[in-house]
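Inside the fold
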Amino acid sequence: MKRIALLAALLAFVLNAGAQPTIEIGLLTTTHVLFTSDLTYVDISSPEYIKASVVNASKNMLAIKAKTEFAFTTTVSALEANGTMHTFYVRYNPDPSVLLIDTRTQSQSSSATLNTQIRPEDQAAAPQAQQAAPQASEQQPPKSSRKKDKDASAGAPTAPATGVSVTGSQTSNFGRVNAPTLEEVMRKGQEIFHITDKSYRLEANVINVYAYSDVTYVVISIENKSDIGYEAGDAQFTVENRRNRKQLATDKSVWPKSSYGSLSCAPNSRTMVGYTLPKQTLQKNEVLKIYIYEKGGTRNLFLTLSDKDVNYAVSPI
């Protein structure tokens, strides 16, 4: 009976091991693992045999390589900023068959319904109605960040508009009678023109930043000038130290309260998305980074808002 129980336990272990994702690594090759959001924690069970590091240029990528040959199975674990935990079995193979593992394709179907709408927090927990706008919103924005020419906004994307994809629904005013909705904010013309990233025949722009009471509004547009469709999940927001990028432990993820629109864009078209964030104020050495990751691809886009862009944001009404 003891032998049967032991065999049953061994069989269960083997079956579970087969279900667990496995990474093969070698001495002369590097295996990369792509994740949906930035990595905040990585654990290596056998650091004397394995080295793993987060790629600085793209913090959602993990590079793994063997330090020496080994004949056993070990593990590597990684925690994403969105709370998803991954654990992989790691085995040595001098000639790994797979050098790129994309975890985003595994969760693409389950996350698709979340990309168009992040529900606002419980309105019952919202602060009292009609709070006064923060003092920073009463100040004049820097001349470099706002364009005074009224005609300049004529060609700016609006929501909704022909050729611009906007999906989802956001009508909450966070318990305040006069607080504007994202849909209303996104109908305003473009006022910011200097926060942009042009890569892969894609152009991402932060076109407006507003502040109202304890809410910060950020509106992003993406123009796809290529013949390949662009599909992306929700943007990732992080407050970072602009001077020392090695101190990743000081970075702070910012979770949107709600969103309206989509970052996915058909070939040769344009789309818009708006986010509401908890009230943001930055120190002079801090920036608000926006990371936009392509699902199942590497066409990632990055936008950077300075302390002046955020602290001098004006009210949308």
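Here's a quick rundown of the structure. All of these numbers come straight from a predicted model, not from anything done at the bench. (Residues numbered from 1 in each chain as written. Predicted model: local features only at pLDDT ≥ 70, side-chain atom pairs only at ≥ 80, totals over all residues. Heavy atoms only, no water.)

1. Overview of the sheet that holds strand β14 (residues 252-254)
Operational definition: Pairing between strands is defined by DSSP: at least two bridges between the two strands are required. Here a helix means four or more residues in a row that DSSP labels H or I, a strand means two or more in a row labelled E, and each is numbered from the N terminus. Helix axes are fitted only over the stretch in contact, all axes being lines through C-alpha atoms; the angle between N-to-C directions runs from 0 to 180 degrees.
The four strands lie next to each other as β14-β13-β17-β18, forming an open sheet whose pairing is antiparallel. Either end of the sheet is taken by a strand with one partner, and the two such strands are β14 and β18 (301-305). When the angles between neighbouring strand axes are averaged without regard to direction, this sheet yields 30 degrees. Bridge count for strand β13 (residues 236-241) against strand β17 (residues 286-292) is six bridges, and the pairing is antiparallel. Paired with valine 239 across the two strands is leucine 288, which belongs to β17.

2. Examining the pattern of salt bridges
Formally: What makes a salt bridge here is a side-chain nitrogen of Lys or Arg within 4 Å of a carboxyl oxygen of Asp or Glu, nothing more.
All chains considered together, the criterion is met by four salt bridges. Among the ionic pairs, lysine 225 bridges to glutamate 203, the shortest N-O distance being 3.4 Å. Within this pair, whereas lysine 225 is found in the loop between β12 (215-224) and β13, its partner glutamate 203 is found in strand β11 (residues 202-212), the two being separated by 22 residues in sequence. Taking the shortest distance from any N to any O, the salt bridge between lysine 295 and glutamate 231 comes out at 4.0 Å. Of this pair, lysine 295 sits in the loop between β17 and β18 while glutamate 231 sits in the loop between β12 and β13, and the two are 64 residues apart along the sequence.

3. Remarks on the nonpolar core
Note the threshold: Here, nonpolar core means buried Ala, Val, Leu, Ile, Met, Phe, Trp, Tyr and Cys residues that are tied together by side-chain atoms lying within 4.5 Å of each other. Per-residue accessibility, obtained with a 1.4 Å probe over protein chains only, is compared with the maximum for each type, and a residue is labelled buried under 20%, exposed over 50%, and partly exposed between these values. Contact definition: two residues touch when any of their heavy atoms are within 4.5 Å.
Ranked by internal contacts, the top residues of the largest apolar core, which has 30 residues, are Val206, Ile220, Phe237, Leu263, Leu288, Ile290 and Ile292. If you list the elements that add at least two residues to this core, you get β11, β12, β13, β16 (269-278), β17 and β18. When neighbours within four sequence positions are excluded, phenylalanine 237 is seen to be in contact with Val218, Lys252, Ser253, Val254, Pro256, Tyr275, Leu277, Leu288, Lys289 and Ile290. By size, the runner-up hydrophobic cluster in this structure holds 16 residues, among which are Ile23, Phe35, Ile50 and Ala78.

4. Here's the deal with the packing of aromatic side chains
As a reminder of what qualifies: Here a Phe, Tyr or Trp ring, Trp counted by its six-membered ring, pairs with any other such ring whose centre lies within 6.5 Å, and the pair is stacked when the planes are under 30 degrees apart, edge-to-face when over 60, and tilted otherwise.
This structure, assessed with the given rule, holds nine aromatic pairs. Through a chain of ring-to-ring contacts, the aromatic side chains of Tyr49, Phe70, Phe72 and Tyr92 assemble into a single cluster.

5. Observations regarding unusual backbone geometry
For tyrosine 200, which is not glycine, the phi torsion reads 60 degrees and is therefore positive. By secondary structure assignment, the location of tyrosine 200 is in the loop between β10 (196-199) and β11. Positioned with a positive phi, arginine 201 is a non-glycine residue whose angle comes to about 60 degrees. Summarising the element assignment, arginine 201 is placed in the loop between β10 and β11. The class of arginine 201 is exposed, set by a relative accessible area of 54%.

6. Looking at the pairing of β13
Where burial is concerned, most of β13 is hidden: six out of the six residues are buried. The two faces of β13 match: Gln236, Thr238 and Glu240 on one face and Phe237, Val239 and Asn241 on the other face are all buried. The pairing of β13 with β14 spans three bridges and is classified as antiparallel. Within the sheet, the bridge partner assigned to threonine 238 lies in β14 and is serine 253.

7. A few points about the pairing of strand β6 (residues 74-80)
With five of its seven residues buried, β6 lies for the most part within the structure. Of the pairings in the sheet, the one linking strand β3 (residues 39-44) to β6 comprises five bridges and is antiparallel in character. By the bridge assignment for β6, leucine 39 is matched with glutamate 80. Pairing between β6 and strand β7 (residues 85-92): six bridges, direction antiparallel. Within β7, the position partnered with threonine 75 by the bridge is tyrosine 89. What sits between β6 and β7 in their antiparallel hairpin is a turn of four residues, with glycine 83 showing a positive phi close to 95 degrees.

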